[in-house]
Amino acid sequence: MTGSRMNQPGAVRRITGVQISAMIAIGVLASLIVLVQPVVLAPLAAEGRLTLKEMGQAAMFESLGMAIAVALSGLLLRPRNLKLIVAVAALASVIANWVSATGSHEVIALARLFNGLTIGMVLWVWTGMLTNIELPARYLAIFLALQSAAGLLLSTLLPGFVVARWGGSGAYAIMAGLSLLNIFIAFLLPSAYPENEEAAQQRLKLPSLRGMAGLVAVMFHLAAVMALWIYIVPLGQQMGLSKSFVDLTVSIALGAQIFGGLAGAVCARMNAKLALYISVAASLVGLGMIGADMSSAFFLTGLALIAFFLIFAPGFQMPYLLEVDPGRGAGMQLISAQQLGFSAGPALTALMIHDGIVTPALFVSGVLYVGTAALVFVTTAFRRRSVASNPGHHPGS
C-alpha cells in the first residue's frame with residue numbers, strides 16, 4: 001500500500017494484510033453455498049422436504065436475496081461500522097442455515113432468501129475492500145481459487161461423511177457452523193473504508209442503454225450455468241448414473257473451477273469479447289456432451305468444461321461492460337447482474353419442470369447461452385459502428 005492512498009481525501013486508515021486475509025476468509029465462507037447448492041439441496045428433495053421445483057426456487061430466492069442486498073447496501077449504506085455489519089450478517093446466516101436444517105418446503109425457501117440477504121451484505125463489504133487496495137485483481141484471483149478449493153473439499157466431504165449420516169439437515173448444520181466462524185473473524189476487519197465524493201456519485205450513476213444490454217448479457221451467462229448446475233444431481237440420476245458418480249462429478253467440476261480461475265489470470269490481457277465468445281462456445285459443447293447421454297465420461301467431461309468456464313469468464317465481464325459503457329454505470333451494477341443471473345437460471349428451469357423430469361434444464365441453459373452470445377455481438381458491433389462514425393471518439397474514453 002503506497003503512502004499516497006493514505007493522503008487521499010476521506011482516507012480512514014491503511015488496510016493491513018491481516019484485514020485483507022480476514023475479508024477473503026469471510027467472503028469464501030459466506031459464498032461457499034453458491035458452489036455446493038446441488039450437494040445441499042438435493043438431499044432435501046430426496047427426503048421429501050422440497051419438491052424438485054421448490055429446489056430450484058430455493059436456489060433462486062437465495063441468489064435474489066444476494067442481488068437485493070448488494071444493490072441496497074450500495075445505495076443506502078456507507079463504509080462504516082464494517083465489523084458490526086459483517087458480524088450481524090454472519091449471525092443472521094447462522095439462523096437461516098439452522099432453519100433450513102430443520103424446516104421444509106416454504107420455510108426453507110424463505111430461509112434461503114434470508115441467507116442470500118446476509119451473503120449480499122458480506123459481498124458489498126468485500127467489493128468495497130477491493131476498491132481500496134492495490135492489485136485488487138490479485139486478491140480477487142486468490143479469493144476465487146480459495147473459494148473453488150473450499151467448494152471442492154466441501155462437496156467431497158458432505159455426501160459421504162455428513163449427508164450419509166444426517167441427511168440434508170447435517171449439510172445445513174455445517175453451513176451454519178461456517179457462518180458462526182465468520183462472526184469471530186469479523187472482528188479482524190477494518191472499522192471503515194475510505195470514501196470520496198467521486199465514489200458516492202458513482203453509486204448513483206445509471207448505465208447507458210448499451211450498458212443495460214451488456215448487463216443482461218452477463219445475467220444470461222450466469223443464468224445459463226445455474227439453470228443446469230442446481231439440477232445436476234437429479235439430472236444425472238435420471239440419466240441412469242449413480243448418485244455416488246454424480247457427486248464425484250460435482251467434485252471434479254469444482255476442481256476444474258480452480259484451473260478456470262488460473263487460466264483467467266494467465267489470459268487476463270485477452271480481448272474481453274473474444275474471451276466471452278470462447279466461454280459460451282465451450283460451455284455449449286459441454287452442454288451437448290451432457291445432453292448426448294452417451295456415457296458417464298461424456299457427462300463428467302461436459303460438466304467439468306462448463307465449470308471451468310464458469311470461473312474463467314467473470315474476470316472478463318467488467319472489461320466487456322467498460323467497453324460497451326465507458327461511463328462505468330454498467331460496471332457499477334456488475335455484481336447485481338451476476339446475482340440476478342444466479343437467481344434467474346434455477347427459476348426458469350423450475351418453470352419448465354413437469355412430473356419431476358429435470359431434463360428441460362439442458363434446453364433452458366442452451367437458450368440462455370445463445371442469448372448471451374447474441375447480446376455480446378449486438379452490444380459490441382453497435383459500439384464499433386458508433387466509434388467508426390465518430391472518428392474523434394476513442395474507445396474507453
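This section reports on the structure supplied with the text. Computed from a predicted structure; not experimentally measured.

**Points about the overall build of the protein**
Looking only at helices and strands, one finds 15 helices and zero strands in the protein. Taking as baseline every contact in the protein between residues at least 6 positions apart, the subset at least 24 positions apart corresponds to 83%. By element, 70% of the accessible surface of the protein is carried by carbon and sulfur atoms, the whole surface being about 16,800 Å².

**A few points about the packing of helix α3 (residues 52-76) against helix α5 (residues 106-130)**
α5 packs onto α3 with a crossing angle of 30° between their chain directions and a minimal axis gap of 6 Å. Remark: the crossing between α3 and α5 carries right-handed chirality. Residue-level inspection shows E54, A58, F61, E62, G65, M66, I68, A69, V70, S73 and G74 of α3 in contact with α5, the latter providing E106, A109, R112, L113, N115, G116, L117, I119, G120, M121, L123 and W124. A class-by-class count of the residues in the contact of α3 with α5 yields 13 nonpolar, six polar and four charged.

**Focus: a nonpolar patch on the surface**
A grouping of L348, L351, M352, F363 and V367 is seen on the molecular surface, where their side chains present a nonpolar patch of about 480 Å² in accessible area. Secondary-structure elements contributing two or more residues to the nonpolar patch are α14 (334-352) and α15 (360-389). Top contributing element to the nonpolar patch by residue count: α14, with three residues. Counting through the fold element by element, L348 comes out in helix α14. Exposure remark for L348: the relative accessible area of 35% places this residue in the partly exposed category.

**A short note on the nonpolar core**
M23, L41, L228 and I290 are the most contacted members of the largest nonpolar core, which totals 93 residues. With 19 residues, helix α2 (residues 17-46) is the single largest residue contributor to this core. Among all residues touching L228, those that are not within four sequence positions of it are L235, L287, I290, I306, A361, L362 and S365. Counting 20 residues, the second-largest nonpolar core is a separate cluster that includes A217, F309, Y320 and A337.

**Quick look at the pattern of salt bridges**
Applying the stated criterion across every chain, the model contains three salt bridges. A salt bridge links E47 to R49, with the nearest nitrogen and oxygen atoms 3.2 Å apart. Its relative accessible area of 14% is what places R49 among the buried residues. With its nearest N and O atoms 2.8 Å apart, the salt bridge here joins K243 to D247. Taken together, the residues span about one helical turn, with K243 and D247 both in helix α10 (residues 243-266) at a distance of four residues. The partly exposed category is assigned to K243, whose relative accessible area is 33%.

**Section: the environment of A268**
Within the secondary structure layout, A268 lies in the loop between α10 and α11 (272-292). The class for A268 is exposed, based on a relative accessible area of 53%. Sequence separation between A268 and G315 is 47 residues; the distance between their C-alpha atoms is 7.6 Å.

**What to know about the packing of aromatic side chains**
If you walk through the whole model with that rule in mind, you get five aromatic pairs. Ring plane angle 15° and centroid distance 6.3 Å describe the contact between F308 and F312, whose orientation is recorded as stacked. With F308 and F312 both in helix α12 (residues 296-312) and four residues apart, the pair spans about one turn of that helix. Using a relative accessible area of 22% as the deciding quantity, one classes F308 as partly exposed. Classification of F312 as buried rests on a relative accessible area of 5%. For the ring pair F309 and F312, a centre distance of 5.5 Å and an interplane angle of 75° mean the geometry is edge-to-face. Here F309 pairs with F312, and both are found in helix α12, just three residues apart, close to one helical turn. Here F309 matches F312 in class, with each residue buried. Among the aromatic residues, those joined into a ring-pair cluster are F308, F309, F312 and F316.

Rules and cut-offs
- Residues numbered from 1 in each chain as written.
- Predicted model: local features only at pLDDT ≥ 70, side-chain atom pairs only at ≥ 80, totals over all residues.
- Heavy atoms only, no water.
- Helix = DSSP H or I, 4+ residues; strand = E, 2+ residues; numbered from the N terminus.
- Contact = heavy atoms within 4.5 Å.
- Areas by Shrake-Rupley, 256 points an atom, 1.4 Å probe, with all protein chains shown as cover.
- Axes fitted to C-alpha atoms, helices over the stretch in contact; angles between N-to-C directions.
- Left-handed = near helix turned anticlockwise from the far one by under 90°.
- Nonpolar A, V, L, I, M, F, W, Y, C, P; charged D, E, K, R; others polar.
- Patch = residues over 30% accessible without salt bridge, like charges linked within 9 Å, V, L, I, M, F, W, Y side chains within 5 Å.
- Salt bridge = Lys/Arg side-chain N within 4 Å of Asp/Glu carboxyl O.
- Buried < 20%, exposed > 50% of the residue type's maximum accessible area, 1.4 Å probe, protein only.
- Core = buried A, V, L, I, M, F, W, Y, C linked by side-chain atoms within 4.5 Å.
- Phe/Tyr/Trp six-rings, centres within 6.5 Å; stacked < 30°, edge-to-face > 60°.

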